[in-house]
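Letter by letter, the chains look like this.
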Amino acid sequence: GEIDVLVSGFSVGLTRYVAAGDVGLLESYVWGASSIMTAEPMESLSDLTGETLYIPFEGSPIDIQVKAQLEALDLTGSVEIAYAPFPQAAAQLAQGRAGAAVLVEPLASKLEADGTAYRLMTIQDSYAVISGGEPRSPQVAVFVLGPFFGENRRELRRLVNRMEEIGEEMENDQAGFAGIYHERFSQSESVIMSALDNTLFDFLPPDRDRELIEEYASLMGLPVPSDDFFLD
């Protein structure tokens, strides 16, 4: 109750909704923002047998999804899962102390550009393996406290509309955005361009958004949210 709007991992908001029912989903717009990076070039997840794969934290969308993919490929137990924040996992990978790590952009593209890690697959390609080809799984979303939403529908709709405009502008002019923002990320323009190429943004109609989320929840064994989870 200390903040009204939170942008976070999808499973964070869903967990809160299931536990307390006081938050809802305003918008899901990032459907892939990280990649499985490896210390050596690899062709598939089976090449990680006997290796350690670092994931940011237990219960995150990445954790849930990667474990589901390992299970689908009959690799559960063959790949050791460990948890560490992105910067620590990147250091373990670059120093050869881990076989692989799931890293968010632009960190993944930075290590790839430096030649200290190799991109096995994006998280959207990972999801497509277990979804029958659909790459979009909810990764980052905007959650709102129920009472705040009821009192600020107009302002929140303006927020979503502006986010959609920026998303379209970014898609049409990645180079321009990279030129403007690369210094803020302390990265080169080419790294930011690569990060944008490997991030899946998509603003969808509410019914399609809901359909993909329900499919994802069912596939991942998560609670399928009720009507009041979806704010419109």
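Conventions adopted
Residues numbered from 1 in each chain as written. Predicted model: local features only at pLDDT ≥ 70, side-chain atom pairs only at ≥ 80, totals over all residues. Heavy atoms only, no water. Helix = DSSP H or I, 4+ residues; strand = E, 2+ residues; numbered from the N terminus. Rg over C-alpha atoms; globule rule 2.2 N^0.38 Å. Buried < 20%, exposed > 50% of the residue type's maximum accessible area, 1.4 Å probe, protein only. Contact = heavy atoms within 4.5 Å. Areas by Shrake-Rupley, 256 points an atom, 1.4 Å probe, with all protein chains shown as cover. Lys, Arg positive; Asp, Glu negative; His and termini not counted. Charge placed at Lys NZ, Arg CZ, Asp CG, Glu CD. 1 Å grid on protein atoms, 1.4 Å probe; cavity = no way out; pocket = protein on both sides within 12 Å on 5 of 7 lines; lining within 4 Å. Points joined across faces, edges and corners; volume = space filled by probe spheres on them. Nonpolar A, V, L, I, M, F, W, Y, C, P; charged D, E, K, R; others polar. Core = buried A, V, L, I, M, F, W, Y, C linked by side-chain atoms within 4.5 Å.

Helix and strand content of the protein: 10 helices and 9 strands. In terms of overall size, the protein behaves like a compact globule, its C-alpha atoms giving a radius of gyration of 18 Å where 232 residues would be expected to give roughly 17 Å. Taking the principal axes of the C-alpha coordinates as reference, the protein spans close to 50 × 40 × 35 Å. When the 232 residues of the protein are sorted by exposure, 48% land in the buried category. Sequence separation of at least 24 residues holds for 77% of the intrachain contacts in the protein that already meet a minimum separation of 6. Put simply, the protein shows about 11,500 Å² of open surface, and 49% of that area lies on carbon and sulfur atoms. On the protein, the mean spot of the 14 positive side-chain charges and the mean spot of the 38 negative ones are 6 Å from each other.

The next point concerns the layout of surface pockets. One number sums up the size of the largest pocket: a volume of about 700 Å³. Listed by contribution, the elements that provide at least two residues to the lining of the largest pocket are helix H7 (153-172), helix H8 (174-181) and helix H9 (189-197). Ranked by residues supplied to the lining of the largest pocket, first place goes to H7 with 5 residues. When the residues that make up the lining of the largest pocket are grouped by side-chain class, the tally is 16 nonpolar, 2 polar and 3 charged.

The subject of this paragraph is helix H5 (residues 123-131). Ile123, Gln124, Ser126, Tyr127, Ala128 and Ile130 are the residues of H5 that are buried. Glycine 132 lies just past H5 and shows a positive phi near 80°.

With that settled, the discussion passes to the nonpolar core. Ranked by size, the top nonpolar core spans 22 residues in total, and within it Phe10, Leu25, Tyr216, Met220, Leu222 and Phe229 carry the most contacts. Every element with two or more residues in this core is listed here: helix H1 (10-20), strand E2 (23-32), helix H2 (61-72), H5, strand E8 (140-145) and helix H10 (206-220). In this structure phenylalanine 229 touches Phe10, Gly13, Leu14, Tyr17, Val23, Gly24, Leu25 and Phe143, once residues within four positions along its chain are discounted. Ranked by size, the runner-up nonpolar core spans 16 residues in total, among them Val66, Leu75, Val79 and Ala100.

So, about the environment of glycine 59. With respect to the element layout, glycine 59 can be found in the loop between strand E4 (52-55) and H2. Under the relative-accessibility criterion, glycine 59 is labelled partly exposed at 34%. Not counting residues within four places of it along the chain, the set of residues in contact with glycine 59 comprises Ser11 and Ile64.

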